[in-house]
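Structural overview for review
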Amino acid sequence: MTTIADIMRTSPVIPVLVIDDAATARPLAEALVAGGLRVLEVTLRTPAALDAIAEMKQVPGAIVGAGTVVSTDQFDQVARAGAEFIVSPGLSERLADPIIASGIPYLPGIATAGDIMRGLDLGLTHFKFFPAETSGGLKALKALAAPFYQCRFCPTGGITEATAPDWLAFDPVLCVGGSWITTGTPAEIEAKARAAAALRS
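Summary of the structure given here. (Residues numbered from 1 in each chain as written. Predicted model: local features only at pLDDT ≥ 70, side-chain atom pairs only at ≥ 80, totals over all residues. Heavy atoms only, no water.)

Notes on the nonpolar core
Keep this limit in mind: We define the nonpolar core as a collection of buried residues of types Ala, Val, Leu, Ile, Met, Phe, Trp, Tyr and Cys that are connected through side-chain atoms lying within 4.5 Å of one another. The classification of residues rests on relative accessible area computed with a 1.4 Å probe and restricted to protein chains. Under 20% of the type maximum is buried, over 50% is exposed, and intermediate values are partly exposed. Numbering of helices and strands starts at the N terminus; helices are DSSP runs of H or I of at least 4 residues and strands are runs of E of at least 2. Throughout, a contact is declared for two residues whenever any of their heavy atoms are within 4.5 Å.
With 58 residues, the main nonpolar core has Leu 32, Val 42, Met 56, Val 78, Ile 86 and Val 176 as its most contacted residues. The leading source of residues in this core is helix H2 (residues 25–34), at six residues. For Val 78, the residues in contact, after removing those within four places along its chain, are Leu 44, Leu 50, Ile 53, Ala 66, Val 69, Ala 83 and Ile 86. Counting residues in hydrophobic clusters, the runner-up holds 12 residues, among them Ile 14, Val 39, Val 87 and Cys 175.

In structure tokens form, the structure reads like this:
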């Protein structure tokens, strides 16, 4: 099975998607994949999210995961929906244990050294730094990453097209999560995706 490290290295930017209408999901995924962003995170912030995951999975080349997973019930739902990776805003053993046991690639959110140590205890080394900007930004992540040389990160939260290159220039950062790519017409989204995909070429 694909690892979370492989997924994080697939694209420099993972679009963080809030889908209100499942009918828009497939055209959105097609535009993002056409622009070179194959890894798509559908957040569980709307009732349409599970249907959106199913729709996006029909797009050739798309790697579709579920974000904002905060409970074991939600994990069960997205696993049944076919999510190919799981992202959570934080890290708890109760949620992490069944995800790890399932073998589905998992990217839990961390913001402190204690979070990272808890993740390492669970055998995890790849994390979402969230919320990135309000948790101290790149300066904070550099300080956090220093004692945890084995860890790799996907900062998410407040990252923009303008700031993404700075984050990606830091070696422990494999990719960033962003929502700036997700608005506009399909042609505009494809163009934004192409520019984002080129940030680490």
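As for helix H9 (residues 186–197)
Heads up, the condition is: Here the expected span of a helix is defined as 1.5 Å times the quantity of residues minus one. This arc describes the spread of directions from the helix axis toward the C-beta atoms.
Taking 1.5 Å of rise per residue, the 12 residues of H9 would be expected to cover 16 Å, and the 16 Å separating its terminal C-alpha atoms lies within 8% of that figure. All buried positions along H9 are accounted for by Ile 189, Ala 193 and Ala 196. Looking straight down H9, one finds that the buried residues subtend no more than 60 degrees of arc, so they occupy a single side. The secondary structure elements touched by the buried residues of H9 are strand E1 (13–17) and H2.

Overview of the state of the cysteines
For clarity, the cut-off: Disulfides are defined as pairs of cysteine sulfur atoms found within 2.5 Å of each other.
Scanning the entire structure with this criterion turns up zero disulfides. Cys 154 provides the cysteine sulfur closest to Cys 151, a residue in no disulfide bond, and the two sulfurs are 14 Å apart. For Cys 151, a relative accessible area of 1% puts it in the buried group. Cysteine Cys 154 is unpaired, with the sulfur of Cys 175 as its nearest cysteine sulfur at 3.5 Å.

Focus on helix H7 (residues 137–145)
Looking only at H7, the buried set comprises Gly 137, Leu 138, Leu 141, Leu 144 and Ala 145. Down the axis of H7, the buried set is contained in an arc of 120 degrees. They therefore lie on one face. Of the exposed residues in H7, the ones pointing more than 90 degrees away from its buried face are Lys 139 and Ala 143. Where the residues of H7 are buried, they touch strand E5 (106–110), helix H6 (113–121), strand E6 (126–129), strand E7 (152–155) and helix H8 (164–168).

Focus on the side chain of Thr 156
Inspection of the secondary structure puts Thr 156 in the loop between E7 and H8. Contacts of Thr 156, omitting those with residues within four sequence positions, involve Val 16, Lys 128, Phe 129, Phe 130, Pro 131, Ala 132 and Gly 177.

Comments concerning the packing of H2 against H9
The line we're drawing: For every element, the axis is a line fit to its C-alpha atoms; helices are fit only across the contacting stretch, and the angle between N-to-C directions ranges from 0 to 180 degrees. Crossing handedness: left-handed means the near helix sits turned counterclockwise from the far one by under a right angle, and right-handed means the same turn made clockwise. Any residue that is not Ala, Val, Leu, Ile, Met, Phe, Trp, Tyr, Cys, Pro, Asp, Glu, Lys or Arg is counted as polar, Gly included; the first ten are nonpolar and the last four charged.
Across the interface, H2 lies against H9 with an axial gap of 7 Å and an inter-helix angle of 35 degrees. At the point where H2 passes H9, the crossing takes the right-handed sense. Every residue of H9 that contacts H2 at Leu 28, Ala 31, Leu 32 and Ala 34 is listed here: Pro 186, Ile 189, Glu 190, Ala 193 and Arg 194. In the contact of H2 with H9, the residues fall into seven nonpolar, no polar and two charged.

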